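What follows is the residue order along each chain.
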Amino acid sequence: MGDIRMLKYNRTNVYDFNFHLVFVTKYRKNIFTNEQARSVMKDILYTIANNNNTEIEYIEVMPDHVHMMLSFSPKQTPSSIVKSFKGTSAREWFKQFPETKEQLWGGHLWSHSYFMSTLGNVSKEVVAKYIENQLTEYNSGRSRH
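Definitions and limits used
Residues numbered from 1 in each chain as written. Predicted model: local features only at pLDDT ≥ 70, side-chain atom pairs only at ≥ 80, totals over all residues. Heavy atoms only, no water. Helix = DSSP H or I, 4+ residues; strand = E, 2+ residues; numbered from the N terminus. Buried < 20%, exposed > 50% of the residue type's maximum accessible area, 1.4 Å probe, protein only. Contact = heavy atoms within 4.5 Å. Areas by Shrake-Rupley, 256 points an atom, 1.4 Å probe, with all protein chains shown as cover. Pairing = 2+ DSSP bridges. Core = buried A, V, L, I, M, F, W, Y, C linked by side-chain atoms within 4.5 Å. Axes fitted to C-alpha atoms, helices over the stretch in contact; angles between N-to-C directions. Parallel < 35°, antiparallel > 145°, perpendicular 65-115°, else oblique. Left-handed = near helix turned anticlockwise from the far one by under 90°. Nonpolar A, V, L, I, M, F, W, Y, C, P; charged D, E, K, R; others polar. pLDDT = per-residue confidence, 0-100.

A separate point is the overall build of the chain. Across its full length, the chain carries 3 helices and 6 strands. Each helix and strand of the chain, placed in order from N terminus to C terminus, yields the pattern β-β-β-α-β-β-α-β-α. Looking at the chain as a whole, 46% of its 145 residues qualify as buried. A fraction of 72% describes how many contacts in the chain between residues 6 or more apart in sequence connect residues 24 or more apart. Total accessible area on the chain is roughly 8100 Å²; 51% of this is exposed by carbon and sulfur atoms.

The buried count for strand β3 (residues 18–25) comes to 8 of 8 residues, which makes it a mostly enclosed element. For β3 and strand β5 (residues 65–72), the ladder comprises 7 bridges, and the chain directions are antiparallel. Bridging from a neighbouring strand, F19 pairs with L70 of β5. As defined by bridge partners, β3 adjoins strand β6 (residues 110–118) across 6 bridges and the pair is classed as antiparallel.

This part is about the nonpolar core. One finds L45, M68, F85, W93 and L109 to be the most contacted residues of the largest nonpolar core, which totals 30 residues. For this core, the elements supplying multiple residues, two or more each, are β3, α1 (35–51), β4 (54–61), β5, α2 (78–96) and β6. The element best represented in this core is α1, accounting for 7 residues. If sequence neighbours within four positions are ignored, L109 has contacts with V24, T25, K26, I31, F32, M41, S89, A90, W93, F94 and L104. In terms of nonpolar packing, the next biggest core, distinct from the first, is built from 6 residues, Y58, M69, A128 and I131 among them.

Moving on, we come to the packing of α1 against α2. Two elements in contact, α1 and α2, have axes whose closest approach is 10 Å; the angle formed by their N-to-C orientations is 135°. With respect to α2, the element α1 is oriented oblique. For α1 against α2, the interelement crossing comes out right-handed. Of the residues in α2, those touching α1 at A37, V40, M41, I44, L45, I48 and A49 are S84, F85, T88, S89, E92, W93 and Q96. In the contact of α1 with α2, the residues fall into 9 nonpolar, 4 polar and 1 charged.

Our focus in this paragraph is the sheet that holds β3. Strand order in the open sheet made by the 4 strands is β4-β5-β3-β6, with antiparallel pairing throughout. Because the sheet does not close on itself, it has two edges, and the strands there are β4 and β6. Each neighbouring strand pair of the sheet contributes to a mean axis angle of 20°, computed without reference to strand direction. In the packing of α1 onto the sheet, contacts are made with β3, β4, β5 and β6, and the angle to β4 comes to roughly 165°.

Per-residue confidence for the chain gives a mean pLDDT of 87; residues scoring 70 or more make up 89%. Averaged over each element, pLDDT in the chain is lowest for strand β1 (residues 8–9) (70) and highest for α1 (98).

Have a look at this one:
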């Protein structure tokens, strides 16, 4: 994995601002049940990140939730980042997969709640390894997150 500590530079500040973000599908429904679905959602999330000056350092899309390690400017608020990811990804997902709405009462892709934590340099490595191993653990029946 190597050294994952990277300072970010922009015109007015330098920062090392990293977060672990997890959000789940509404009713924890298994929506992203195959590699194609997970790949499409990853592409959607990467596009949203690029459009919002947010860097996804690690990502895994699970059947019923998403894990990301993110970095974004301190000028942005965590809640606005989450709102952008969840709202935009749901709209784009339903454009591509409208039949998914039938599985979700009320037509919402994501639960209203989410988990976000800040990361220190030691925990960044732990979380990165955790995210990288999520799908393998899920497939072997060990993960419940």
